[in-house]
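# Residue-level structural notes
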Amino acid sequence: MNSSSSRGLWLLAPVAAALLVAGCASTEGVAPSNARLRDAASLGLSESQAAAEVAPVEPQWWRALGDAQLDQLVEQALQGSPNLRVAQARVARALAAADGVDAASGPQLNGQFDATHQRFTGKGMVPAPLAGSIQDTATLQLNGSWEIDFFGRHRAALDAALGSAQAAQAEAAAARTLLATNVVRGYVQLARLQEQRDLAQRALDQRQGMLDLVNQRVSAGLDGVLEQRQSEGAVPEARQQIEAINEQIALTRHALAALVGQPTQDPAPQAPRLAGLRPLPEPQALPTDLLGRRADIAAARWRVEASRGEVANARAQFYPNLNLVAYVGLSSIGLDELLTSGAKQWGIGPAVRLPIFDGGRLRANLSGKNADLDAAVESYNAAVIDAVHEVADQLASARSVALQRAQQQQALQSAESAYAIAEQRYRAGLSNHLQLLSAETAVLAQRRLDVDLRTRALQAQVNLAQALGGGWRDTAGATDTHAAHAAIPTRTVAERP
């Protein structure tokens, strides 16, 4: 190359540099995320004295029900559930991914050994005597590199990975809460069905006794065939009701056995009783720190942080990538020369990579990450709205059921009194059989309603315990909404380099 050509290339260098800068991929025109997180005030969680004093749910809140068999079932479910093990495996995977991202941000060093038996071309740039000869070549060296994180690419990737890991841990905790709650619900439902079967058996015994009484009165000429047939039809009806309840009991036991991981065993050999389950404490107001008590909300919040990290990482892809690379080792033609002093080689220098034109790939990626962040924020907002709604519903249900039970007890007492009077009048021949059956039906209906209301009261308390977080504790030890949010990184994309 002559001197005039060299001077021409040097003259073109500034032009080429200008074209490189002008052609760099740009984030201009990519709309940033505009979704905003809902805070406690916007959800109506006031700082009233009643709300502030709501005690947190105990981690093993089901023990307050006072049933040792239930405690054993819950512990067995938490230890042997495949679903929980899947959640734990996801946590391990997320933590491993975070470790991998963290490791990639540091210096890298690897060893290399290459040995080649080759013929050098005789028509190329290889000089004689190598040209046209067959030789052995070998390289033994260490290669090192370190990507300097000037623009926060690795830091953003690590933030995203850590956010995903924290979210996976919170989701695993939420799965534990849900599993424990489902076991308690199934146990309470089993207790309800046992009570209903006892009532159905009492109804059968009562109707069998009434049939015997009617048969005696028919034999004495005091009743006719109509009363006898009515009483006879009531007995198989009561037996059918018992069998229907037995079916529900079997299905509930199977579901409970599956939850505890022992589908072939009877999970509750001792039949549970509603009377043996103590009521759980009921708060009177929405707690102000509700958002910091629930693992599912914490998981949604960490998903937001993971999305923010991914947005920052996508934005950093537009900036230059600077690597320091170095190598040191041995290289020779001829294996016998590889370990000689003259075979030594080394090198060190920077490597810069700058995206210039990629057809819009980086812009599309950034737009997609912004959309993912918007979705994560709105998913969080939906989760906190659902949480407040759920707690408010369970509080309302618990209060309403308590009032309903008070009224129902009066109705039950009246129905039992009316039945006793109707039975006395029937035995004395002062009323007919239809009046007695009507009074009996009213008593059975009130007794069933009493069992259902007692079950609903317990179920509302169980649901409320779950809605209040199920005893989950934030790993940062936050005790209120603001502290819980402060424990989670809240830097926005604009605040990142």
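The present account deals with the structure reproduced in this document. Along each chain, the written sequence defines residue order, and numbers are assigned to residues from 1. Local features in this predicted model are restricted to residues of pLDDT 70 or higher, and side-chain atom pairs are both shown and tallied only at a pLDDT of 80 or more, whereas totals for entire chains, interfaces and linings draw on every residue. Heavy atoms throughout the structure, all of them, feed into the side-chain values; hydrogens and water do not.

### Remarks on the packing of helix H5 (residues 153-219) against helix H7 (residues 295-316)
The cut-off we apply is this: Fitted lines through C-alpha atoms serve as axes, helices being fitted only where they are in contact, and the angles separating the N-to-C directions of these axes extend from 0 to 180 degrees. Comment: elements are numbered from the N terminus, with helices defined as DSSP H or I runs of at least four residues and strands as E runs of at least two. Should an angle fall under 35 degrees it is taken as roughly parallel, and over 145 as roughly antiparallel, whereas 65 to 115 is taken as roughly perpendicular and any remaining angle as oblique. Take the far helix as your reference; a near helix turned counterclockwise from it by less than a right angle gives a left-handed crossing, and one turned clockwise gives a right-handed crossing. For this classification, the nonpolar set comprises Ala, Val, Leu, Ile, Met, Phe, Trp, Tyr, Cys and Pro, the charged set comprises Asp, Glu, Lys and Arg, and every other residue, Gly included, is treated as polar.
At a minimum axis distance of 7 Å, the contact between H5 and H7 shows a crossing angle of 165°. Here H7 runs roughly antiparallel to H5, going by the angle between their axes. The element H5 and its partner H7 pack so that their crossing is left-handed. Among the residues making up the contact of H5 with H7, the classes are represented as 15 nonpolar, five polar and six charged.

### Some words on a nonpolar patch on the surface
Rules: For patches, a residue must show more than 30% relative accessible area and have no salt bridge; joins then use 9 Å for like charges and 5 Å for nonpolar side chains, namely Val, Leu, Ile, Met, Phe, Trp and Tyr. Accessible surface is estimated by sampling points in the Shrake-Rupley manner with a 1.4 Å probe; for residues, cover comes only from the protein chains shown. Just to be clear on terms, a salt bridge is a Lys or Arg side-chain nitrogen sitting within 4 Å of an Asp or Glu carboxyl oxygen. A simple rule labels every residue: compare its accessible area, found with a 1.4 Å probe on the protein chains alone, to the largest value its type can have, and call it buried under 20%, exposed over 50%, or partly exposed in between.
Where nonpolar side chains cluster on the molecular surface, the patch consists of Leu109, Leu142, Val328, Trp346 and Ile348 and spans about 620 Å² of accessible area. Inspection of the secondary structure assignment puts Val328 in strand S3 (residues 321-333). With a relative accessible area of 47%, Val328 lands in the partly exposed category.

### Quick look at the nonpolar core
Operational definition: By nonpolar core is meant a set of buried Ala, Val, Leu, Ile, Met, Phe, Trp, Tyr and Cys residues that side-chain atoms within 4.5 Å join together. For this analysis, residues touch if any pair of their heavy atoms sits within 4.5 Å.
Core analysis: the biggest nonpolar cluster contains 66 residues, and Trp61, Val74, Val183 and Val184 have the highest contact counts within it. For this core, the secondary structure elements donating two or more residues are helix H3 (68-80), H5, helix H6 (225-259), H7, helix H8 (361-427) and helix H9 (433-467). What Val184 contacts, discounting residues up to four positions off in sequence, is Trp61, Trp62, Leu65, Leu70, Val74 and Val462. In this structure, Leu213, Val214, Ala415 and Ala422 belong to the second largest nonpolar core, which totals ten residues.

### What to know about H8
Threshold: Take the number of residues in a helix, subtract one, and multiply by 1.5 Å to get its expected span.
Taking 1.5 Å per residue as the helical rise, H8 with its 67 residues ought to reach 99 Å, and the 92 Å between its terminal C-alpha atoms agrees with that figure. Just beyond H8, the residue with positive phi is Gly429, at close to 80°.

### Notes on the packing of aromatic side chains
Between two aromatic rings, the relevant description is the distance of the centres plus the angle of the planes. Put simply, the rule is: Two aromatic rings, drawn from Phe, Tyr or Trp (for Trp, its six-membered ring), form a pair once their centres lie within 6.5 Å of each other, and the interplanar angle then sorts them: stacked below 30 degrees, edge-to-face above 60, tilted otherwise.
Throughout the structure, instances matching the rule amount to two aromatic pairs. With 4.9 Å between their ring centres and 25° between their planes, Phe151 and Tyr319 make a pair best called stacked. You can see Phe151 sitting in the loop between strand S2 (134-148) and H5 and its partner Tyr319 sitting in the loop between H7 and S3, a full 168 residues away along the chain. The partly exposed category is assigned to Phe151, whose relative accessible area is 33%. Relative accessible area serves as the criterion here: at 30%, Tyr319 is assigned to the partly exposed category.

### Things to note about the sheet that holds strand S1 (residues 108-119)
This is how it is decided: Only strands that DSSP links by at least two bridges are regarded as paired with each other.
One open sheet holds the four strands; their spatial order is S1-S2-S3-S4, and the pairing between them is antiparallel. The sheet is open, and its two borders are formed by S1 and strand S4 (344-353), each paired with just one other strand. On average, adjacent strands in this sheet sit at an angle of 20° to one another, irrespective of strand direction. In the sheet, S3 pairs with S4 via ten bridges, with the strands oriented antiparallel. Considered in S4, the bridge of Asn323 is made with Ala351.

### Looking at the environment of Ala165
By the secondary structure assignment, Ala165 is in helix H5. Classification of Ala165 by relative accessible area gives buried; the value is 2%. For the pair formed by Ala165 and Arg90, sequence separation is 75 residues and the distance between their alpha carbons is 8.5 Å.

### Quick look at empty space enclosed by the protein
Under the convention used in this document: The rule is simple: put a 1 Å grid over the protein atoms alone, call a set of points where a 1.4 Å probe fits but cannot get out a cavity, call an open set with protein on both sides within 12 Å along at least five of seven lines a pocket, and count a residue as lining if it has an atom within 4 Å of a point. Grid points are joined across faces, edges and corners, and a volume is the space filled by probe spheres set on the points.
Under the criterion given, the structure shown has two cavities of 30 Å³ or more. Roughly 60 Å³ of volume is contained in the largest cavity. Lining of the largest cavity is provided by Glu147, Ile148, Asp149, Phe150, Phe151, Arg153, His154, Ala316, Pro320, Asn321 and Leu322. For the lining of the largest cavity, the secondary-structure elements that each account for two or more residues are S2, H5 and S3.

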